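Each chain is listed here by its residues.
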Amino acid sequence: MMIGFIESGLNSVRGAAAMFPLQPPAASSIAEGVDKLYLALTGITLFFSVLIFSIIFYFMVKYRRRSDDEIAAETHTSMVLELGWTIIPSLICVVLFVWSSTLYVRNSRPPAASTEIFVIGKQWMWHLQHSEGPREINELHVPVGVPVKLTMTSQDVIHDFYIPAFRVKKDVLPGRYSSVWFQATETGTYHLFCAQYCGTNHSEMIGWVYVMTPTDYAAWLAGGEKTESLAEQGQRLFIQFDCGSCHVAGGGGRGPSLAGLYGKPEKLASGETRVVDESLIRQAILVPNSVHMPSYQEIMPTYQGQIDEEQILQLIAYVKSLGSEERNGK
Amino acid sequence: MSELAAHGAHPPGFAHQFETVGQQREAGRLGMWVFLVTEILFFGGMFASYTIYRALHYESFVTGSHLLEVKFGATNTYVLICSSLTMALAIRSAQTGKRKGQIIFWLILTMIFGALFLGLKLRFEWYRDYVDGIVPGINWAYNGPHAPGVQMFMCFYFFMTRLHALHMVAGLGVLTVLVIMTARNKFSPEYYAPLEISGLYWHFVDIVWIFLFALLYLIGGRYPGS
Amino acid sequence: MSTAQAVPAESSVNYLNANYGIKSWLLTFDHKRIGLLYLASITLMFFVGGVPAVLMRLHLIEPQGALFEPETYNKLFSTHGIIMVFFFLVPSIPATLGNFLIPLMIGARDVAFPKLNLMSWYLFIIGASFALYATLSGGVDTGWTFYPPYSSSYSQTHVVAVALGVFIAGFSSILTGLNFIVTIHKMRAPGLTWFRLPLFIWAMYATSLIFVLGTPVIAVTLLLLGAERILHVGIFDPAVGGDPLLFQHLFWFYSHPAVYIMILPGMGVVSELVTAFSRKKIFGYSFVAFSSLSIAVISFVVWGHHMFVTGQSVYAGLVFSVLSFLVAIPSAIKVFNWTATLYRGSISYEAPMLYALGFIGLFTIGGLTGLFLASLATDVHLNGTYFIVAHFHYVMVGGAVMAYLGGIHYWWPKITGRLYPDLWARIAAAIIFIGFNLTFFPQFILGYLGMPRRYAVYPAEFQVLNVMSSAGASILGIGYLIPLIYLTWSMRYGPIAGPNPWKAKGLEWTIPSPPPTENFTEIPIVTEEAYNYPVAELRKYSNTPGVARV
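Computed from a predicted model, the values in this text were never measured in an experiment.

As for the interface of chain C and chain A
Counting from both sides, the interface comprises 97 residues of chain C and, opposite them, 86 residues of chain A. Contact between chain C and chain A buries roughly 8100 Å² in total, counting both sides, with carbon and sulfur atoms accounting for 67%. Across the pair D243(C) and R176(A) runs a salt bridge, and its minimum N-O distance is 2.6 Å. When contributions to the side of chain C that touches chain A are tallied by element, the ones reaching two or more residues are helix 3 (70-89), helix 6 (150-154), helix 9 (244-278), helix 11 (314-342), helix 12 (351-374), helix 13 (376-382), helix 15 (422-449) and strand 1 (535-536) of chain C. In terms of residue count, helix 11 of chain C provides more of the side of chain C that touches chain A than any other element does, 13 residues in total. With two bridges joining them, strand 1 (residues 72-73) of chain A and strand 1 of chain C adopt parallel strand pairing.

Below you can see the structure in the form of structure tokens.
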């Protein structure tokens, strides 16, 4: 009967563990590493908490006052103890710092050949744009086992793109691009949350991430409405706004040729050198005089108010497609 | 250690939470210095923001700075330095036991300089800026180059100088109180602490202006060859 | 020791009955009365800030929200945060216990600038009035962090009124800090050197440094935010070259040290309680004293750990991470020293001691969970989730509020001259401890599972933990109401306390309870160190009653 008792007890614990997970699914290449660190931190917290609680409890019982005029016994300050409990926690902190920083630095650099997807956050939804063309709202389809880099901006206030299962999170800011990368390791469906309070429907700015096998992903990309790729849409805008009248393809125009420009460091009129990346192109479209190049006149007009964030991304994709050091896409 | 001394043993202005006049004087001085440290942090937040934006938008800030007229800034700097001198002379008069008339003379002169500073700013700088349409949020009609950055510069210009002017006005209020106290014979060579610590405050406000003048009016160079 | 005072059984004239009438209270310069004015206002603000919390927890029982529209929920959490942080936690111990006790503990008649002290209270009241007005006329929905561009250009709520209230209350803090610094430097009794000071004074000194250096920065930050909102100029607006992250840097430059404003006084109180209720001097006095100062200094250079996921550079992240680990060490030193103080002590378990021990345990957990957040890789996952909420409630509520309650109970006899019923006090302490853990421990798990904070609705899988948390909150709420009842009761019906009911060391226990207005008829001369409790030599056994066992 005792054995039966223990067995049913264990079964309910197992059942409870299944019902009460303590962590989200580990579905990205970095998730396990983060979880290990989390486990270590939990272990240290538990260890020191239990240590302090038990010592206190022990002293509470052993040294409880037994008569009203009882006095304490003499103790002396111990330099050994003071140094000990200063140095040991410091060493633990050093270990934790090195461990977590190594993980963090490693996780901060996307691998070179990442699939690029663009994200625009706005109150209160996520617009996701694949380079090949398909667009999604509050849903993100990605292939498993392939690094994915997200380039993100906000159209209004600060948001935050958070996928708990991948252990990734990054603020999404207006007026600039931020990026985050991940490599999914398990197919499945995972939560997507906005994690920076952004107004009334902040808690409804959520969605789903669908990790698919490469075949399924290719099928998903190809299926649905036939859309132009991001670069093709950008080319249409380039023609529509007549950018080519100054940015002549072969050079010699009033503005620099854009062929092969992406990814190159360029010296600007202000003296600083900057790499031509997404942020620079965006700035050139919206505040041209802040990044103009020395050998050209400051005559580019601003397109603020005429071109929105999505169109800027399309133009950026087009410029990239004109030849660059890091050509991405499937 | 004495018991609570008879009232006559303490000069006017002695506060009974203290044990000696010396303690009170030291406490007053330390208090004013601590207050000035808080003021440094207060202005410091703005100076830090200004510095960051200036680094990010240097050209716009230079353009904005050239909208200000150095001659008025320089005159005002001179006026404030004079006011610090007259303030110091007022304190010195009290310290050396001069007649109250002399103390009041220097105090009033300090107030005149302070008022002159504010008057010059109001009439020749802020009013003109308003007419020219370069007051962000109130009358902004700037059409020149680097408009967003220039607006940022002018924002900081107005915030920082107005915050400073507010401190000047408070200083004038303090000086008025000091004049009244002097007229009522509150000060002597043994007790002139309020004059001294108000002087600290006044000098501080002066120093803040000097930093403002340098940072706001003089960036980017204005003369041939610079 | 100081000259003994002949004390009547019940003080004939004391600071409470020296003058009657509302004017004598509202125009008082007596630091003790000002402390009580603060006690009343802060207690009010605690309950004003607590009501939204109760409503929030009730609402979160259901995944789709049980009670409110998201708009209302957003206003509730914002109000809760703003009131609790700026109008309860920051002033709590400094303005009530600090004001009351600092002159008493250092043998002075009052603080250095009593009129400034009264002005501080009025500034607090004016600031609180603005905040309350804004709350009652529709509230704010920006969160207590007021991040632009939402707060500057998008929110349709009373941002400026609340920011103004916080701004004005900030000056209350600054002047209080200034007062304390000068008082501690210049008004210590003869013989009371720095290293003979009670540790509460060291803690209050360190806190005052932060008051004086940090608060002006948030004042100017709120000024800039208000200007942007009113004048529609773009200081933090990216469209005109502004930077919303600049606001965050300026905001957290104050708000991180601010959390140490909230915890350092509590640590000072715990040092007093642990020594008094084990009748022993503190273990490692100078270590605890210097830890307070180190925490205050280091607190100014860790603010970036609130911004690890904003896109700041990796290098900045590394620097802030290592400094954030560093700031944990002095706190650890204190916890170990308090624990060691208990060794071979003579320990009793009145309510103040229960609160102190609760503090040590809960602060240990809360502080260690801070390491999860100082650690870059885990912070990426945990930032913006309920883990953060659990962490700061452990240190602020499990820590600071428990220390505050412990201090109120410990010095209550000195303040009022009466004893409260200790049985009820212990029951309340136990209820608070249990309710607190049930409320906030599940939130650590919710955070790691990925539930973001400030969510009015949430995925159904998080419901069980949310319900647990809400159940705990109701218990916690009851726990907080109980002291309100018996402490009020004791003011009229409690037994007379006498000058030193706890038989504790400290100058405040050498004068009558309640103290006379001038505190000391004769300023004491101090010749001994702090917590100079009588001790029994080791290995000495005696039949004499009152000698310690070994």
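Let us keep going from here.
Notes on the environment of S278(C)
Structurally, S278(C) is set in helix 9. Using a relative accessible area of 0% as the deciding quantity, one classes S278(C) as buried. Sequence-wise, S278(C) and A504(C) are 226 residues apart; in three dimensions their C-alpha atoms are separated by 9.7 Å. Those residues in contact with S278(C), other than ones at most four positions away along the chain, are A72(A), T341(C), L342(C), G345(C), S346(C), I347(C) and M353(C).

Digging into the pattern of salt bridges
Scanning the entire structure with this criterion turns up 16 salt bridges over all chains. Close ionic contact of R109(C) with E19(B) constitutes a salt bridge, the shortest N to O distance being 3.5 Å. Of this pair, R109(C) sits in the loop between helix 4 (92-106) and helix 5 (114-136) while E19(B) is found in the segment before helix 1 (21-56), placing the two residues in two different chains. For E69(B), the salt bridge goes to R128(B), with nearest N and O atoms at 3.5 Å. Of this pair, E69(B) sits in the loop between helix 2 (58-65) and helix 3 (70-95) while R128(B) sits in helix 4 (residues 100-132); the two residues are 59 residues apart in sequence, bridging distant segments of the chain. On the accessibility criterion, R128(B) (34% relative accessible area) is partly exposed.

Examining the packing of helix 8 (residues 199-231) of chain C against helix 9 of chain C
Residues and elements named next belong to chain C. Where helix 8 meets helix 9, the closest approach of the two axes is 8 Å, and the angle between their N-to-C directions is 160°. On the basis of their axis angle, the class for helix 8 and helix 9 is roughly antiparallel. Note on packing geometry: the crossing formed by helix 8 with helix 9 is left-handed. A per-class count over the contact of helix 8 with helix 9 returns 22 nonpolar, seven polar and one charged.

Quick word on the sheet that holds strand 7 (residues 159-163) of chain A
All names here are of chain A. Within the open sheet, the five strands sit side by side as 5-11-10-7-8. Their pairing is mixed. Looking along the sheet, the strands with just one partner apiece sit at the ends: strand 5 (139-143) and strand 8 (168-172). Strand-to-strand, the axes of this sheet are offset by a mean angle of 20°, without reference to chain direction. Bridging between strand 7 and strand 10 (residues 188-194) involves two bridges; their strand directions are antiparallel. Looking at strand 10, one finds that F161 is bridged to C194.

Some remarks on the confidence of the model for chain C
Residues and elements named next belong to chain C. Put simply, chain C has an average pLDDT of 93, and 95% of its residues get 70 or more. Contacts from residues 1-11, a stretch scored under 50 in pLDDT, to residues over four places away or in other chains number 21 contacts. Within the model, the stretch residues 539-543 combines pLDDT values under 50 with two contacts to residues more than four positions away or in other chains.

Side note on the state of the cysteines
Residue and element names in this part refer to chain A. Summed over all chains, the structure comprises zero disulfides over all chains. Of the cysteine sulfurs around C198, a residue in no disulfide, the closest is that of C194, at 3.8 Å. The thiol of C246 is unpaired, and the distance to the nearest cysteine sulfur, on C243, comes to 8.9 Å. A relative accessible area of 24% means that C246 is categorised as partly exposed.

Things to note about the sheet that holds strand 3 (residues 125-130) of chain A
All names here are of chain A. If you walk across this open sheet you meet the five strands as 4-3-2-6-9, and the pairing is mixed. Each edge of the open sheet carries a strand with a single partner, namely strand 4 (135-137) and strand 9 (178-183). Mean inter-strand twist for the sheet, computed between neighbouring axes without regard to direction, equals 25°. Sheet topology note: the strand 6 (residues 147-154)/strand 9 ladder contains six bridges and is antiparallel. Among the inter-strand pairings, V148 is bridged to a residue of strand 9, identified as F182.

Observations concerning the packing of aromatic side chains
For the coordinates displayed, the defined rule picks out 81 aromatic pairs over all chains. Between F436(C) and F440(C), the aromatic rings sit 5.1 Å apart at their centres with planes inclined by 45°, giving tilted as the arrangement. Placement of both F436(C) and F440(C) in helix 15 is noted, with a separation of four residues, approximately one turn of the helix. In this pair, the class of F436(C) matches that of F440(C), namely buried. Through successive ring pairs, a cluster of aromatic residues spans Y38(A), F372(C), F387(C), Y394(C), F436(C), F440(C), F441(C), F444(C) and Y448(C). Sitting over the ring of W25(C), R33(C) keeps its end group 4.2 Å from the ring centre.

Digging into a nonpolar patch on the surface
All names here are of chain C. Taken together, the side chains of V54, L58, I61, L67 and V467 make up a nonpolar region of the molecular surface, amounting to roughly 370 Å² of accessible area. Considering the arrangement of structural elements, one finds V467 in helix 16 (residues 463-493). For V467, a relative accessible area of 34% translates into the label partly exposed.

Description of the nonpolar core
Judged by nonpolar contacts, the single largest core of 276 residues is most densely connected at F87(C) and I360(C). Here this core takes 20 residues from helix 9 of chain C, the largest share from any one element. Within the second largest apolar cluster, 50 residues are counted, among which are I30(A), F166(A), F193(A) and M451(C).

So, the side chain of T416(C)
All names here are of chain C. You can see T416 is positioned in helix 14 (residues 386-416). Of note is the side chain of T416, whose polar atom sits 2.7 Å from the backbone oxygen of W412. Within the local environment of T416, its side chain forms a polar contact with the backbone nitrogen of R418, the two atoms lying 3.2 Å apart.

Comments concerning the pairing of strand 5 of chain A
Residue and element names in this part refer to chain A. Counting buried positions along strand 5 gives four out of five residues, so the element sits mostly inside the fold. Pairing of strand 5 with strand 11 (residues 207-212) involves five bridges; the strand directions are parallel. Note on strand 11: the bridge partner recorded for V142 is V211.

Criteria and cut-off values
- Residues numbered from 1 in each chain as written.
- Chains lettered and ligands numbered in written order.
- Predicted model: local features only at pLDDT ≥ 70, side-chain atom pairs only at ≥ 80, totals over all residues.
- Heavy atoms only, no water.
- Contact = heavy atoms within 4.5 Å.
- Buried area = accessible area lost by both parts, 1.4 Å probe.
- Salt bridge = Lys/Arg side-chain N within 4 Å of Asp/Glu carboxyl O.
- Helix = DSSP H or I, 4+ residues; strand = E, 2+ residues; numbered from the N terminus.
- Pairing = 2+ DSSP bridges.
- Buried < 20%, exposed > 50% of the residue type's maximum accessible area, 1.4 Å probe, protein only.
- Axes fitted to C-alpha atoms, helices over the stretch in contact; angles between N-to-C directions.
- Parallel < 35°, antiparallel > 145°, perpendicular 65-115°, else oblique.
- Left-handed = near helix turned anticlockwise from the far one by under 90°.
- Nonpolar A, V, L, I, M, F, W, Y, C, P; charged D, E, K, R; others polar.
- pLDDT = per-residue confidence, 0-100.
- Disulfide = S-S within 2.5 Å.
- Phe/Tyr/Trp six-rings, centres within 6.5 Å; stacked < 30°, edge-to-face > 60°.
- Lys NZ or Arg CZ within 6 Å of the ring centre and 35° of its normal.
- Patch = residues over 30% accessible without salt bridge, like charges linked within 9 Å, V, L, I, M, F, W, Y side chains within 5 Å.
- Areas by Shrake-Rupley, 256 points an atom, 1.4 Å probe, with all protein chains shown as cover.
- Core = buried A, V, L, I, M, F, W, Y, C linked by side-chain atoms within 4.5 Å.
- Polar contact = N/O pair within 3.5 Å; in protein donor to acceptor, adjacent residues only side chain to side chain.

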